[in-house]
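These are the residues of each chain, in order.
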Amino acid sequence: MAETTTATRPTGFRSAELGWPELHRIPHPPRRLPLLGDVLGVNRATPLQDSLRFARQLGPIYRRKAFDREFVFTWGADLVADLADESRFAKHVGLGVANLRPVAGDGLFTAYNHEPNWQLAHDVLAPGFSREAMEAYHPMMLAVAGRLTDHWDGELAAGRSVDVPGDMTKLTLETIARTGFGHDFGSFERDLPHPFVTAMVGTLSYAQRLNSVPFAALLRRAAKRNAADIAYLNRMVDDLVRARRASGGDGDLLDRMLETAHPETGERLSPENVRRQVITFLVAGHETTSGALSFALHYLSRHPEVAARARAEVDRVWGDTSMPGYDQVAKLRYVRRVLDESLRLWPTAPAFAREALEDTVLAGRYPMRRGAWTLVLTPMLQRDPEVWGADAERFDPDRFDPKAVRSRPPHVFKPFGTGARACIGRQFALHEATLVLGLLLRRYELLADPDYRLTVTERLTLMPHALRLRLERRQGGPATGTVTELDEAPPSEARCPVRGAGD
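Residues numbered from 1 in each chain as written. Predicted model: local features only at pLDDT ≥ 70, side-chain atom pairs only at ≥ 80, totals over all residues. Heavy atoms only, no water.

K.L.:
Would you explain the nonpolar core in this entry?
P.N.:
Nonpolar side chains tend toward joint burial in soluble globular proteins. One finds Trp-152, Phe-181, Leu-282 and Leu-297 to be the most contacted residues of the largest nonpolar core, which totals 113 residues. Core analysis: the next-biggest nonpolar cluster, separate from the first, contains 18 residues, Phe-89, Leu-362, Met-368 and Leu-381 among them. (Core = buried A, V, L, I, M, F, W, Y, C linked by side-chain atoms within 4.5 Å. Buried < 20%, exposed > 50% of the residue type's maximum accessible area, 1.4 Å probe, protein only.)

This is the structure:
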């Protein structure tokens, strides 16, 4: 197992003035108020979108102050490329992520770099996302997608539009629960969200709210609800683990957590850490993917020419097969570009933080002390006009044509984070999302409500708010044919195991 550093790096929240010796050189919003900071014109419910607005005003690096806490935000391509240097920078667990530690502890997403359970869990669980493992998950993904299309067929027959974010949440929760843990939440048989989803949304929302108040004591009632949500999540996972121990293994992620020792040290995950990893996978394994699918479906409904091209590819590649195979999903090059472009505009995990391992100078211009950190605004990085062009706000899947990908510098597309702490399940999410988009495109015409205007709900992750689509069942069977030479060439992001995919 790789060694972890139990360094004397500063822990806990560090305001920017403690880590940036030349902070005065970094711009901040005008009209800063004494004691309150940069609060004019902001909305507590949309901190990320407020940050994007300030980014457009202030440039590729800026700072904001909330009460007595100051933060540095970055999004310029050259700055982020420097922050991706693993020899000088590492993941920083702060802001909303640290607020999730009461529920996820030292799980893969929320662990501090010096906590040994992160590397142990990563090494034990990484084989669970190998090609062999992914092929084993594929039939279960198809089965859950079939439950979605059965549900959508029923809504279509009743003349109702479909609740895209709600149904994508059901789909992705059932997919990770079944493939990873052999559990069925029965989401499509429920009129209301499963209590797990309610508790999960509650913990995510509370974690975000903690960033908007000067003292946690101001959220006393919300804290009690959050404690109840955490207690429910813990009980549910403990019951799931207890049932697995009694019934025996399925060879899935939960079995790896319970039975697999580290190949070099022989260490095993403790029962408490197993619980934290299960919660981490159930939450992160469905929340971000459901958002990615929802945004992609929104854009497909708004761009019928894109949907037609993607649908033609599905017909061409899958032909008349009722159950596309694992390898056939990877051949949907254009569908994957649609997903990538949706993740470019609205990466559902919209930021990641990096901290300096030693005193350094960011991009040769901004001194940082050891332990200083900055929050990378992924949606702005992926809209940088110097990289993506003057039309960077426009939805265009051809930005991920292989030639276009190769023409761009590295580290400008980061929807799954960066480096050693990038999302371990990114290939799982990409396969699941591409499969589902292919199945839905082959079965339905997606019709947008002309009066709908995209608004985004923030709860640490991003989701289209109140998105509903009307459906029409496609007439006739799929076309057949061969894949074009262009479609056979995967973009470089698809070949790289670290760089995954990203309005």
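From this point on, the discussion continues.
K.L.:
What am I meant to see in unusual backbone geometry here?
P.N.:
Where the residue is not glycine, phi is negative for most of them; where a peptide bond is considered, it is trans in most cases. The phi torsion at Leu-35 lies on the positive side, around 70°, for a residue other than glycine. By the element assignment, Leu-35 lies in the segment before α1 (47-58). The class of Leu-35 is exposed, set by a relative accessible area of 78%. For Ala-363, which is not a glycine, the phi torsion comes out positive at approximately 55°. Its location among the elements puts Ala-363 in the loop between β6 (360-362) and β7 (366-368). (Helix = DSSP H or I, 4+ residues; strand = E, 2+ residues; numbered from the N terminus.)

K.L.:
Any chance you could explain the sheet that holds strand β8 (residues 373-377) here in plain terms?
P.N.:
Adjacent strands of a sheet form backbone hydrogen bonds with each other and so pair up, either parallel or antiparallel. The mixed open sheet is built from five strands, whose spatial order is β1-β2-β8-β5-β3. Looking at strand neighbours, the two that pair on one side only are β1 (61-66) and β3 (89-91), the edges of this open sheet. Neighbour-to-neighbour, the strand axes of this sheet turn through a mean angle of 35°, independent of strand direction. Across the sheet, α1 is in contact with β1, β2 (69-74) and β8; its angle to β1 comes to roughly 135°. (Pairing = 2+ DSSP bridges. Axes fitted to C-alpha atoms, helices over the stretch in contact; angles between N-to-C directions. Contact = heavy atoms within 4.5 Å.)

K.L.:
Would you mind going over the environment of Arg-473 with me for this structure?
P.N.:
Along the chain, Arg-473 falls in strand β12 (residues 468-473). In this structure the C-alpha to C-alpha distance between Arg-473 and Leu-446, which are 27 residues apart in sequence, comes to 9.1 Å. When residues no more than four places from it in sequence are discounted, the contact partners of Arg-473 are Asp-153, Leu-156, Arg-443 and Tyr-444.

K.L.:
What is the right way to read the packing of helix α11 (residues 271-302) against helix α12 (residues 304-318) from this model?
P.N.:
How two helices pack is summed up by the angle between their axes together with the distance between the axes. At a minimum axis distance of 5 Å, the contact between α11 and α12 shows a crossing angle of 110°. By the criterion of interaxial angle, the relationship of α11 to α12 is roughly perpendicular. Contact with α11, carried on its side by Leu-300, Ser-301 and Arg-302, involves Pro-304, Val-306 and Ala-307 of α12 and no other residues of that element. Residues belonging to the contact of α11 with α12 are distributed by class as follows: four nonpolar, one polar and one charged. (Parallel < 35°, antiparallel > 145°, perpendicular 65-115°, else oblique. Nonpolar A, V, L, I, M, F, W, Y, C, P; charged D, E, K, R; others polar.)

K.L.:
Help me understand the sheet that holds β12 in this model?
P.N.:
Read from one edge to the other, the open sheet built from three strands follows the order β4-β12-β9, with strand pairing classed as antiparallel. Bordering the open sheet on either side are β4 (162-163) and β9 (444-448), each of which pairs with just one other strand. Relative to β9, α11 is tilted by about 85°, and along the sheet it contacts β9 and β12.

K.L.:
What is the right way to read the environment of Leu-23 from this model?
P.N.:
Its place among the elements puts Leu-23 in the segment before α1. Sequence separation between Leu-23 and Pro-367 is 344 residues; the distance between their C-alpha atoms is 8.8 Å.

K.L.:
What's the story with the side chain of Thr-289 in this structure? I'm lost.
P.N.:
For Thr-289, the position within the fold is in helix α11. Apart from the residues lying within four places of it in its own chain, the contact partners of Thr-289 are Thr-172, Ala-429, Glu-432 and Ala-433.

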